[in-house]
Amino acid sequence: MTEYVIYGNRPLKGEVSISGAKNAAVAIIPAALLVNGKSRIDNIPEISDVSLMLDILRRVGADVRLINRSCVEIDCSNIYTTKAPYDLARMIRASYYMLGAMLGRFRSAQVALPGGCDLGVRPIDQHIKGFKALGANVDVQSGFVTAEAPDGLCGTSVYLDIVSVGATINIMLAAVLAEGMTVIENAAKEPHIVDVANFLNSMGANIIGAGTDVIKIRGVKKMTGGCYTIIPDQIEAGTYMAAAAAATGEVLIKNIIPKHLECITAKLTEMGVEITEYDDSLLVRSRLPFTKTNIKTLPYPGFPTDMQPQAAVLLCLAEGTSMITEGVWENRYRYVDELKRMGAQIQVDGKVAVIEGVKKLLGAPVRACDLRAGAALVVAGLAADGVTEVEDVSHIERGYENIVEKLSRLGAQITRMQMPDGKALAKAR
Ligand code: EPU
């Protein structure tokens, strides 16, 4: 088991550069399957979710070549199966993008059904609704989703009953090579939706409206490979904003698109964090305590659910009582018991968390139960008095590139430790 050991209560100072967006990368990599040729993708984050997606592509026959740490060339000329490998696909939910991409190009796809997860039930009924509307037969059996369209896919209108990032992207992937026009209504508007659409357009697709709730995709006969650079990660940037605020000090968050961060900047400003915006960076300065603030998570441009746990840490350090309402996932408060071990006072009732501010958080051994929960515990550890040991950091490394190095450069005392088996066993008992 690997853990981070953090000696907290040290102000952060300096500059941090934000990596490419995880949730764009894990969609753009399978989107490369739509081309019978090579695509070059730059600003890929070096994280385990990306390595997994690249391995899945290799296993279906793609030739994947790393040009350097953040640039990859994917040649999909020799794909020999439309079945995503079960052992890898079940490890990452974004493997469901193999369905849209394979169906789009080969009219056939099979991927393991993504099960429930730490955030609660995660159905894919809206993805399936879209594939069926395009003319595919979709069968869910024995843990697999099989989609077939032997006669080809035909443009159509799809109204999403729920604003879903995954369904919006998957339907775009399936529709780009379909016959005629597809219209997705009530589409998700996240920055990575626009990024995937831009990537597809750069390869010859004809998509307009991405970033609004109506996306129109005019099917094209063929797409050709190209070069594309992924946008900076909105949530990684937001997490460093939260870290800079919680640990006080002064941090310049570089290589970002400030517009994508407005929903986060607005709430942090309401809490009393001082944020100065530049063209492609933000300067974050803060002093404790923060001002109590209420937050409701919503699809973009609302406050992102993926920043909810990190924001909760800041509200623990606010004067008075704040309230968070989770508007996207059914179960995103599993980190609360861990924060309570550090002295947080939080009551959860269904989708609502009521947070009573405390003067200080105190270091403690805690466990990362998912990616953003883990990031929040790191933020808490940076602000806390004493030592925080964050266990199960593999969750964090799914989505944050070099987090230990980046924080260390800002002056944090954080070390990545491989725990000897004995210690891990003792803890397990
Ligand atoms: N939903 C349905 N039916 C569907 C699809 C979604 O009911 O067919 C529901 C979900 O259960 C959820 C809501 O709709 O309640 C939104 O789900 P969405 O489909 O938007 O989520 P996703 O595409 O599975 C992506 C991110 C998540 C992020 C959410 C919301 C990726 C790979 N994952 O998931 O990111 O929380 O959008 O913004 O893009 C993370 O990065 O930590 C993470 C969990």
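Residues numbered from 1 in each chain as written. Predicted model: local features only at pLDDT ≥ 70, side-chain atom pairs only at ≥ 80, totals over all residues. Heavy atoms only, no water.

A. Spotlight on helix α12 (residues 371-383). The end-to-end C-alpha separation of α12 is 19 Å, in line with the 18 Å expected for 13 residues at 1.5 Å each. Here α12 lies mainly inside the structure; 13 of its 13 residues are buried. The N-cap of α12, judged by a side-chain oxygen 3.1 Å from the amide nitrogen of Arg372 a few residues on, is Asp370. (Helix = DSSP H or I, 4+ residues; strand = E, 2+ residues; numbered from the N terminus. Expected span 1.5 Å × (residues − 1). Buried < 20%, exposed > 50% of the residue type's maximum accessible area, 1.4 Å probe, protein only. Polar contact = N/O pair within 3.5 Å; in protein donor to acceptor, adjacent residues only side chain to side chain.)

B. Representation of the site of the ligand. Around the ligand, 24 residues are found, and the nearest of them are Gln126, Ser164, Val165, Asp306 and Val328. Within the contact set of the ligand, a nitrogen atom lies 2.8 Å away from a side-chain nitrogen or oxygen of Asp125. At a separation of 2.8 Å, an oxygen atom of the ligand approaches a polar backbone atom of Val165. A total of 830 Å² of accessible area belongs to the ligand in isolation, and the protein chains cover 89% of it. Counting residues per element, the ones that place at least two in the shell around the ligand are α1 (22-31), α5 (125-133), α6 (165-175) and α12. (Near = heavy atom within 4 Å. Areas by Shrake-Rupley, 256 points an atom, 1.4 Å probe, with all protein chains shown as cover.)

C. Structural view of the domain arrangement of the protein. Splitting the protein by domain gives domain 1 (2-19 + 232-428) and domain 2 (22-229). Here the C-alpha centre of domain 2 lies 30 Å away from the C-alpha centre of domain 1. At the interface, 24 residues of domain 1 touch 19 residues of domain 2. Buried surface at the junction of domain 1 and domain 2, summed over both partners, amounts to about 1800 Å²; 49% is from carbon and sulfur atoms. When residues of domain 1 are sorted by the area they lose upon contact with domain 2, Tyr300, Trp329 and Arg398 head the list and together hold 31% of the total. At the boundary of domain 1 with domain 2, the tally comes to 1 salt bridge. Across the salt bridge formed by Arg398 and Asp49, the nearest N and O atoms sit 3.1 Å from each other. Applying the counting rule to domain 1 against domain 2 returns 6 residue pairs in polar contact (both at pLDDT 80 or more). Sorting the residues of the side of domain 1 that touches domain 2 by element identifies α12 and α13 (394-397) as the ones contributing at least two each. In the side of domain 1 that touches domain 2, the residues fall into 8 nonpolar, 6 polar and 10 charged. (Domains from an automatic or database assignment. Contact = heavy atoms within 4.5 Å. Buried area = accessible area lost by both parts, 1.4 Å probe. Salt bridge = Lys/Arg side-chain N within 4 Å of Asp/Glu carboxyl O. Nonpolar A, V, L, I, M, F, W, Y, C, P; charged D, E, K, R; others polar.)

D. Region of the structure containing the pattern of salt bridges. The final tally for this structure, using the stated rule, is 17 salt bridges. In this structure, Asp161 and Lys129 form a salt bridge, with 3.0 Å as the shortest nitrogen-oxygen distance. Here the residue Asp161 occupies a position in the loop between β9 (157-159) and α6, and Lys129 occupies one in helix α5, the gap between them amounting to 32 residues. Judged by its relative accessible area of 32%, Lys129 falls in the partly exposed class. Within this structure, Lys22, Asp49 and Arg398 form a network of salt bridges that share partners.

E. Representation of the packing of helix α10 (residues 308-316) against α12 in the model. Relative orientation of the contacting elements α10 and α12 amounts to 25°, with a least axis distance of 7 Å. By the angle between their directions, the pair α10 and α12 is classed as roughly parallel. Here α10 runs over α12; the crossing is right-handed. Only Arg372, Ala373, Ala375, Ala376, Val379 and Ala380 of α12 make contact with α10, whose side of the interface consists of Pro309, Gln310 and Val313. Split into classes, the residues belonging to the contact of α10 with α12 amount to 7 nonpolar, 1 polar and 1 charged. (Axes fitted to C-alpha atoms, helices over the stretch in contact; angles between N-to-C directions. Parallel < 35°, antiparallel > 145°, perpendicular 65-115°, else oblique. Left-handed = near helix turned anticlockwise from the far one by under 90°.)

F. Summary view of unusual backbone geometry. Cis geometry marks the peptide bond from Leu288 to Pro289, where omega comes out at -5°. Even without a glycine there, the phi angle at Ser142 is positive, about 50°. By secondary structure assignment, the location of Ser142 is in the loop between β7 (137-141) and β8 (144-148). Relative accessible area serves as the criterion here: at 70%, Ser142 is assigned to the exposed category. Here the phi dihedral of Asn255 falls at roughly 60°; this positive angle occurs in a residue that is not glycine. Summarising the element assignment, Asn255 is placed in the loop between β14 (249-254) and α9 (262-270). Assessed through its relative accessible area of 31%, Asn255 is described here as partly exposed.

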